[in-house]
Amino acid sequence: MTQEKSRAARFPAGLRKALIAFALAQFICSFAGSNMNVMISDISRDLHTDVQGVQLAITLFLLVMAALMIPGGKLTDVFGRKWCLILGLLMFGSGALISSVAPSLPVLIIGYSVFEGVGTALLIPPVYILTTLLFQGVSARARAFGAISAMGGVGAVAGPLIGGFIASAVNWRAAFVAQAAIVLVIVMLSRRAVEDPLPADRSRPFDVGGAVLSAAGLILIVLGILATDNDIRLCIVLIAAGALVLTWFFVACRRRERSGREPLLSLRLFRNRASNLGLITQNTQWLMVMGTSFVVSTYLQVVRGYNAIETGGVFTATTAGVLISSLGAEPMAKRRPQRTLIMAGFVVTIAGIVLLLTLGRTSGSGSVWTMVPGLFVIGLGLGGMLTPSVNVVQSSFGEDLQGEISGLSRSVSNLGSSLGAALTGTILVAGVDGSAPGRAYLLAMTAVAGAGVIGLVAAFFLPRTQPSS
């Protein structure tokens, strides 16, 4: 009986192959966002730039993803989900090859930040939309989204380890060649295993004005955060301008809806309390993932002089934590409400940051192994809440809005990653080369913990029962 249930619970061979392709696609995009962190010193030295220049490339990559994810989701309806998936993979792989031969920072930004960023914005929405369409039923989708989210989390936290190993064994350029090779495997797998159940509708209108406004607003806000350590007045101006542009975007969407035209983003998505709170938890979770990765990686390399493989080795603890809690996510979801799992994840992650700051010395004289327990606990907390947050948001809407909520969800998550790198990186860069680098490290990690408190409060107000739709 147990074997029969196990076989029944397994997906058919075709769906399993598709899920592998989707999970690998999410993995490589998350990996690309975090593996750069352990190569900061090598890249800055080779390209004759500084830490802030590499941070700019990382932040722009994350920002391009966040800014274009919603338009990318809409384009899947026009050109087809599989078509956008393949195109996005090809752009991502091309960007990786350009980055691998970059002679300067501007070329690296073109390949990594622009090509890989645009490619990710094209390929990730189809991953989540096709998962919704191909995997029928709440339970099947929960398992599929759980696998994809887990691979995204593992890619984010394992990126420093894998990238560090490749950079040390060969050089940092080889890490981009490896990305291109993995993308090629995903392309071959996707062409054979992935089928789009809905035809493309090239006659469907696309809200170009809305796409420009949404992207411009997000870009202005994150650029404002980046300007914090240079010019506080410019920071305020950019953030205020970004808020005004986003307000303009929402007003324009409302006007299009009232006139019977299809907007870039349906405002119905923001009338669901559970989804809104779930999006806040997603944003703060990925802010914590990328914020922790950037701050700890920069501190180890710039302050303590660690090379890429040594820095990546320290992050093995976080990877192990994410894997352990991700493997237990599905059984726990059957026993505990999604709200409880998300709240527990934030509490554990914040506790891990406190442990990290308590045991890990903020000066160059302490043993690096004192950082391992805190990083492991952080991984446990993050891995335990990434999947339930996705489930809460996706299950808040029917099938007619799954495409739009998938694009919005990924945009919010990637904006969180961008804000994590920008906010904590700004704090760290402002003091890491100064007389008190330990203080900058402490302040940056305290900011990450503060974001966790915001996420915990949002999770507290989530409904106690999971939506049934």
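Residues numbered from 1 in each chain as written. Predicted model: local features only at pLDDT ≥ 70, side-chain atom pairs only at ≥ 80, totals over all residues. Heavy atoms only, no water.

What the protein chain contains, in helices and strands, is 18 helices and 0 strands. As displayed, the protein chain has an accessible area near 18,300 Å², and 66% of this comes from carbon and sulfur atoms. (Helix = DSSP H or I, 4+ residues; strand = E, 2+ residues; numbered from the N terminus. Areas by Shrake-Rupley, 256 points an atom, 1.4 Å probe, with all protein chains shown as cover.)

Okay, the nonpolar core next. Soluble globular proteins tend to bury their nonpolar side chains together. Of all hydrophobic cores here, the largest spans 60 residues; its most connected members are Phe22, Met36, Met39, Ile43, Leu108, Leu123 and Trp172. When contributions to this core are tallied by element, the ones reaching two or more residues are helix 2 (13–34), helix 3 (40–46), helix 4 (51–79), helix 5 (81–100), helix 6 (105–134), helix 7 (138–169), helix 8 (172–193) and helix 11 (273–303). The residues that make up this core include at least three from each of domain 1 (13–207) and domain 2 (272–462). With near-sequence residues (within four places) excluded, Leu123 lies in contact with Ala25, Cys29, Cys84, Leu85, Gly88, Leu89 and Phe92. Within the second largest apolar cluster, 36 residues are counted, among which are Ala156, Val296, Leu300 and Ala444. (Core = buried A, V, L, I, M, F, W, Y, C linked by side-chain atoms within 4.5 Å. Buried < 20%, exposed > 50% of the residue type's maximum accessible area, 1.4 Å probe, protein only. Domains from an automatic or database assignment. Contact = heavy atoms within 4.5 Å.)

Here helix 5 is 20 residues long and its end C-alpha atoms lie 29 Å apart, about the 28 Å a rise of 1.5 Å per residue gives. Within the span of helix 5, buried status applies to Arg81, Cys84, Leu85, Ile86, Gly88, Leu89, Phe92, Gly93, Gly95, Ala96, Ser99 and Ser100. Along its buried surface, helix 5 packs onto helix 2, helix 4, helix 6 and helix 8. (Expected span 1.5 Å × (residues − 1).)

Residues Val453, Val457, Phe460 and Phe461 make up a contiguous nonpolar surface patch of roughly 360 Å² in combined accessible area. Among the structural elements, Phe460 can be located in helix 18 (residues 437–460). Look at Phe460 and you get partly exposed, because its relative accessible area is 43%. (Patch = residues over 30% accessible without salt bridge, like charges linked within 9 Å, V, L, I, M, F, W, Y side chains within 5 Å. Salt bridge = Lys/Arg side-chain N within 4 Å of Asp/Glu carboxyl O.)

What follows deals with the side chain of Ser44. Its place among the elements puts Ser44 in helix 3. With a relative accessible area of 10%, Ser44 lands in the buried category. Not counting residues up to four positions away in its chain, the partners in contact with Ser44 are Thr49, Asp50, Val51 and Val54.

What follows deals with the packing of aromatic side chains. Aromatic ring pairs are reported here in terms of the distance separating the ring centres and the angle at which the planes meet. Tallying each qualifying case throughout the model produces 8 aromatic pairs. Ring centres of Phe27 and Phe31 lie 6.1 Å apart, and the angle between their planes is 15°; this geometry places the pair in the stacked category. Taken as a pair, Phe27 and Phe31 lie in helix 2 at a separation of 4 residues, close to a single helical turn. The class of Phe27 is buried, set by a relative accessible area of 12%. A cation sits over an aromatic face here: Arg339 above Phe460, 5.2 Å from the ring centre. (Phe/Tyr/Trp six-rings, centres within 6.5 Å; stacked < 30°, edge-to-face > 60°. Lys NZ or Arg CZ within 6 Å of the ring centre and 35° of its normal.)

Here we come to the environment of Asn283. Within the secondary structure, Asn283 sits in helix 11. For Asn283, a relative accessible area of 16% gives the class buried. Considering only alpha carbons, one finds Asn283 and Gly416, 133 residues apart in sequence, at a separation of 4.4 Å. Contacts of Asn283, omitting those with residues within four sequence positions, involve Val412, Leu415, Gly416 and Leu419. Looking at Asn283, its side chain comes within polar contact range of the main-chain oxygen of Val412, at 3.1 Å. (Polar contact = N/O pair within 3.5 Å; in protein donor to acceptor, adjacent residues only side chain to side chain.)

Once that is clear, we can look at helix 10 (residues 232–258). The end-to-end C-alpha distance of helix 10 is 39 Å, a good match for the 39 Å that 27 residues give at a rise of 1.5 Å each. Directly after helix 10, the chain includes Gly260, whose backbone phi takes a positive value near 85°.

So far we have only geometry, and geometry alone does not tell us how the molecule works.
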